[in-house]
Amino acid sequence: MHTQICDDLGIEFPIFAFTHCRDVVVAVSKAGGFGVLGAVGFSPEQLEIELNWIDEHIGDHPYGVDIVIPNKYEGMDANMSTEELTKMLQDMVPKGHLEFARKLLTDHGVPLPDEGEDNSLQLLGWTEATATPQVEVALRHEKMTLIANALGTPPPEVMDLIHGAGRKVAALCGSPYQARKHADAGVDIIIAQGGEGGGHCGEVGSIVLWPQVVAEVAPVPVLAAGGIGSGQQIAAALALGGQGARTGSQWLMVEESDNTPVQQQTPGNPEPLGMPLQYMVSGPAVAATHRYPDQTVDVAFNPVGQVVGQFKKVEKTGAVIQRWVEEYLEATEHLNAVNAAAV
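These figures come from a predicted structure and were not determined experimentally.

Calculation criteria
Each residue is numbered by its place in its chain's sequence as written, counting from 1. This being a predicted model, a pLDDT of at least 70 is required before a residue's local features are given, and a value of 80 or more before pairs of side-chain atoms are given or counted; all residues contribute to the totals for chains, interfaces and linings. Each side-chain value is worked out from all heavy atoms of the structure, with water and hydrogens disregarded. Residue exposure (1.4 Å probe, protein chains only): buried if accessible area is under 20% of the type maximum, exposed if over 50%, otherwise partly exposed. Comment: elements are numbered from the N terminus, with helices defined as DSSP H or I runs of at least four residues and strands as E runs of at least two. Think of the arc as the fan of directions from the helix axis to the C-beta atoms. Salt bridge, as used here, is a side-chain nitrogen of Lys or Arg placed within 4 Å of a carboxyl oxygen of Asp or Glu. Angles shown run from 0 to 180 degrees and are taken between the N-to-C directions of axes, each axis being a line fitted to C-alpha atoms and, for helices, limited to the stretch in contact. In this scheme, roughly parallel covers angles under 35 degrees and roughly antiparallel covers those over 145, while 65 to 115 is roughly perpendicular and the rest are oblique. Here is the rule for handedness: rotate from the far helix to the near one, and if that takes an anticlockwise turn smaller than a right angle the crossing is left-handed, while a clockwise turn gives right-handed. Residues are treated as being in contact if the distance between any of their heavy atoms lies within 4.5 Å. Patch definition: residues above 30% relative accessible area lacking any salt bridge, with like charges linked at up to 9 Å and the nonpolar side chains Val, Leu, Ile, Met, Phe, Trp and Tyr linked at up to 5 Å. Per-residue and other accessible areas were derived by the Shrake-Rupley procedure at a 1.4 Å probe size, with only the shown protein chains allowed to occlude residues. Nonpolar core, defined: a set of buried Ala, Val, Leu, Ile, Met, Phe, Trp, Tyr and Cys residues in which side-chain atoms within 4.5 Å join the residues together. Of the two site types, the cavity is a set of points on a 1 Å grid over the protein atoms alone where a 1.4 Å probe fits but cannot get out, and the pocket is an open set with protein on both sides within 12 Å along at least five of seven lines, each lined by residues with an atom within 4 Å of a point. Grid points are joined across faces, edges and corners, and a volume is the space filled by probe spheres set on the points. Any residue that is not Ala, Val, Leu, Ile, Met, Phe, Trp, Tyr, Cys, Pro, Asp, Glu, Lys or Arg is counted as polar, Gly included; the first ten are nonpolar and the last four charged. Known as pLDDT, the predictor's per-residue confidence is scaled from 0 to 100. For Phe, Tyr and Trp, where Trp contributes only its six-membered ring, two rings pair if their centres lie within 6.5 Å, and the inter-plane angle classes them as stacked under 30 degrees, edge-to-face over 60, or tilted in between. A pair of strands is treated as paired once DSSP finds two or more bridges between them. Note on handedness: a crossover is taken as right-handed if, strands pointing away from the viewer, the path from the first strand over the helix to the second is clockwise.

## Comments concerning helix α10 (residues 231-239)
Within the sequence span of α10, burial applies to G231, I234, A235, A237 and L238. The arc enclosing the buried residues of α10, seen along the axis, measures out at 160°, which places them on a common side. Following α10 by one or two positions, G241 adopts a phi angle in the positive range, close to 105°.

## Side note on helix α2 (residues 22-30)
Taken residue by residue, α2 has V24, V25, V26, A27, V28 and S29 as its buried positions. Looking at the residues trailing α2, positive phi occurs at G32, about 110°.

## Let's talk about the pattern of salt bridges
A full pass over the atoms with the stated rule returns 9 salt bridges. The residue E50 makes a salt bridge to R22 at a minimum N-O spacing of 3.7 Å. In this pair, E50 is assigned in helix α3 (residues 44-57) and R22 in helix α2, connecting sequence segments 28 residues apart. Overall, R22 belongs to the partly exposed group, its relative accessible area being 23%.

## Considerations on the packing of α10 against helix α12 (residues 317-342)
The interhelical angle for the contact between α10 and α12, taken along N-to-C directions, is 60°, at an axis separation of 7 Å. With respect to their mutual orientation, α10 and α12 come out oblique. In terms of crossing hand, the pair formed by α10 and α12 is right-handed. Here α10 contributes G231, Q232, I234, A235 and L238 to the contact with α12, which in turn contributes W324, E327, Y328, A331 and T332.

## Quick word on a nonpolar patch on the surface
Together, V204, I207 and V208 give the surface a local cluster of nonpolar side chains, amounting to about 260 Å² of exposed area. Tracing the sequence through the fold places V204 in the loop between β6 (189-193) and α9 (206-217). Taking relative accessible area as the criterion, V204 reaches 32% and is therefore assigned partly exposed.

## Examining the nonpolar core
A general tendency of soluble globular proteins is for nonpolar side chains to be buried together. Core analysis: the biggest nonpolar cluster contains 59 residues, and L51, I54, I147, I190, V213, I234 and W251 have the highest contact counts within it. Residues contacting L51, with those up to four places away along its chain left out, are L37, Y63, V65, V137, A138 and H141. Core analysis: the second largest hydrophobic core is formed by 16 residues, I11, A148, I189 and I191 among them.

## Remarks on empty space enclosed by the protein
As enumerated under the stated definition, the model contains 2 cavities of 30 Å³ or more in all. Roughly 70 Å³ of internal volume is contained in the largest cavity. Surrounding the largest cavity, F16, A17, F18, V36, D66, L146, A148, A170, I189, I191, L223 and R246 form its lining. A total of 3 residues in the lining of the largest cavity trace back to one element, the largest contributor, which is strand β1 (residues 15-19). Of the residues in the lining of the largest cavity, the class split is 10 nonpolar, no polar and 2 charged.

## A closer look at the confidence of the model for the protein chain
Confidence along the protein chain averages 85 in pLDDT terms, with 81% of residues attaining 70 or more. In the model, residues 260-269 has pLDDT below 50 throughout and makes 18 contacts with residues more than four positions away in sequence or in other chains.

## Observations concerning the packing of aromatic side chains
Tallied over the entire structure, the rule returns 2 aromatic pairs. A centroid spacing of 5.2 Å and a plane angle of 45° characterise the contact between F16 and F34, whose relative ring orientation is tilted. A residue pair is termed long-range when its members are at least 10 positions apart, and F16 in strand β1 and F34 in strand β2 (residues 34-38) qualify at 18 residues. The residues F16 and F34 share a single accessibility class, namely buried.

## Observations concerning the sheet that holds strand β7 (residues 222-225)
Strand order in the closed barrel formed by 8 strands is β1-β2-β3-β4-β5-β6-β7-β8, with parallel pairing between adjacent strands. If you compare each strand with its neighbour and ignore which way they point, the axes differ by 25° on average.

## What to know about the pairing of strand β3 (residues 63-67)
Where burial is concerned, most of β3 is hidden: 5 out of the 5 residues are buried. What you see with β3 is no split at all: Y63, V65 and I67 on one side and G64 and D66 on the other are buried throughout. Of the strand pairs in this sheet, β2 and β3 are connected by 3 bridges, and their pairing is parallel. From the neighbouring strand, L37 faces β3, where its bridge partner is V65. In this fold, the crossover linking β2 to β3 by way of α3 has right-handed handedness. As paired strands, β3 and strand β4 (residues 144-149) are joined by 5 bridges and run parallel to one another. From the neighbouring strand, Y63 faces β4, where its bridge partner is M144.

Set out below in structure tokens:
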């Protein structure tokens, strides 16, 4: 299991793992893959602490950071300072939404954060103004070799900042149209994520989307994402033209993770808000899930993809990587045998 992107990034296997847990980033990269730390929710100061820890434990292996700068979000055209934009967006969050989220937690016996500890209304990412400091922090770390934007094409100023530091830029897409915009802007790696993914950015299924994006942006390398949780699925991704797999849900189900893959939908939810107001409501639930895992089983907030149904046990990260490689080899050997028998 080795493609050109492995040589470009200095990794053994084209397995990319998105996670908010620094321990998983290290474990994936040390097992031959490429760990990517989600920066949303971290202040620049906290992100610096996380990346310093990764640098100390990852050895000579590379890793990446994932940011979120949507192409469209509330207040994006406002000519304001970060503080002014944050205040404006805070005022836009309906009080009823906040009360609903807090009541849901308290009704299930989940402690609310103390005054000053709840950073969900502080816009840690989600806009160009607040994500750019995260990029600047990440670029100070030599082993951090790739920055991915989870929603939309990164702004030109951010692209220039990353490329100027000699690092690569990746961006997610959910359609060939979005992929073309990424490629035309100079994105180095396109991540085509099907609707099966937990953090998907479109409704098109993976098996339809992947080859369409590959054809649209060739020769720009494409990572397949959405519904990947086995070596067989990685083999399918490579067979459809991808140079690797970007995975996420699996890493909620490894020993190194601090997450609990439990998510229940509750009837009667209010209408969804625009970006980034959603996180400003759900932030307390995200924080509570990590801080009080036992008390939040019924209301835990962890976006996860459809592939979660095939995860039956918690494993070590290295064991998952090894199993995927073995499953990939079995799948490709099976296909070779089918082709040989048809001759």
